[in-house]
Amino acid sequence: MSQQFYVSPEQIMKDRADFARKGIARGRSVVVLSCAAGIALVAENTSNSLHKIGEIYDRIAFAAVGKYNEFESLRQAGVRYADVRGYSYDRSDVTARGLASVYAQSLGSVFTAEQKPFEVELAVAEVGATQAGDHIFRLTFDGSITDERSFVAMGGRSDRVTEVLRSGWRADLTLGEALRLATRALAAATAAPEAVVGPGGTAVTEPDGVAARAPDHPEAPAPVAAVGLEVAVLDREPGSWRSRRRAFRRLRQDALQRLLEE
């Protein structure tokens, strides 16, 4: 009769957390930051169809890093939640805080009960009538939720991105200044390649003695250029171009290039 090995709950949770963190660390970074014109969402993404940023409701947007199929299923669930709640009650009852709470419950349940946790990190943003009314919530793979007041960075090397954002962020940033700051932060995160760590924690080197780069990965960090960015804005005053209630709009390549060159 085979004997089953005992694994403590603490070790199980640690292994799941390490697994999720490694998957998220391979992802390209995403920046969400508040500015005078609204909330800017900037992601490293070369795909024109597989979006990492999306609209949830009138003044609410979603951004994510990690496995596309996992965060896309969460985005679709968030859209359904917002539509049903807005139809059943009132459009003003759909808030980023309520949506973030639903996401936190879902992520927490998967992390504790399922065999494999979600390899995703999410941001839910809601633009207010004034900058004091902006809300940016960050959700991690285990369902932890944080209320960020000014900006948030997620994905590979988010610590380095956060340092650049912290040094340059101001409450009165224009949209162009906010986009240039986000682009500069993303570029700084990819400036120095990260060595591949082999068994025993030693860095793997190439034959010429240079530290080996991580293997190609669909979400591996790469140098940032304007053509490799997915950018959207939650306008504080959306105007009449689409609907005064719907604040979300994507920036096309030509418009983004003009803002970056201002």
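Residues numbered from 1 in each chain as written. Predicted model: local features only at pLDDT ≥ 70, side-chain atom pairs only at ≥ 80, totals over all residues. Heavy atoms only, no water.

## Structural notes on the overall build of the chain
Item 1. Broken down by element type, the chain carries 6 helices and 10 strands.
Item 2. Expressed as a percentage of its 262 residues, the buried residues of the chain come to 45%.
Item 3. Within the chain, residue pairs in contact and separated by at least 24 positions form 64% of the contacts whose partners lie at least 6 positions apart. (Helix = DSSP H or I, 4+ residues; strand = E, 2+ residues; numbered from the N terminus. Buried < 20%, exposed > 50% of the residue type's maximum accessible area, 1.4 Å probe, protein only. Contact = heavy atoms within 4.5 Å.)

## Re the nonpolar core
Item 1. With 26 residues, the main nonpolar core has V31, L33, L165 and L179 as its most contacted residues.
Item 2. Taken together, the elements giving at least two residues each to this core come down to β1 (30-35), β2 (38-44), β8 (151-154), α4 (158-168), α5 (175-189), β9 (229-235) and α6 (253-261).
Item 3. By residue number, the principal contributor to this core is α5, which donates 8 residues.
Item 4. With near-sequence residues (within four places) excluded, V31 lies in contact with A40, L41, V42, V152, A153, V161, L165, A182 and L186.
Item 5. One finds A20, I136, A232 and F248 within the second-largest nonpolar core, a separate group that totals 24 residues. (Core = buried A, V, L, I, M, F, W, Y, C linked by side-chain atoms within 4.5 Å.)

## Re the packing of α4 against α5
Item 1. Running from N to C, α4 and α5 point in directions that differ by 145 degrees, and their axes come no closer than 8 Å. As α4 packs across α5, the resulting crossing turns out to be right-handed. When α4 is examined against α5, the residues R160, V161, V164, L165 and G168 are found in contact with a partner set consisting of L181, A182, R184, A185, A188 and A189.
Item 2. Class assignment of the residues belonging to the contact of α4 with α5 gives a composition of 8 nonpolar, 1 polar and 2 charged. (Axes fitted to C-alpha atoms, helices over the stretch in contact; angles between N-to-C directions. Left-handed = near helix turned anticlockwise from the far one by under 90°. Nonpolar A, V, L, I, M, F, W, Y, C, P; charged D, E, K, R; others polar.)

## Concerning the pattern of salt bridges
Item 1. Inspection of every chain in the model, using the stated rule, returns 15 salt bridges.
Item 2. Measuring nitrogen to oxygen at the nearest pair gives 2.5 Å for the salt bridge that ties E121 to R138. Within this pair, whereas E121 is found in strand β5 (residues 120-126), its partner R138 is found in strand β6 (residues 135-139), the two being separated by 17 residues in sequence. Across the pair, R138 and E121 agree in class, each one buried.
Item 3. With its nearest N and O atoms 3.7 Å apart, the salt bridge here joins D147 to R149.
Item 4. Owing to a relative accessible area of 45%, R149 belongs among the partly exposed residues under this scheme.
Item 5. Connected through salt bridges with shared partners, the residues R26, E70, K116 and E119 form a single ionic network. (Salt bridge = Lys/Arg side-chain N within 4 Å of Asp/Glu carboxyl O.)

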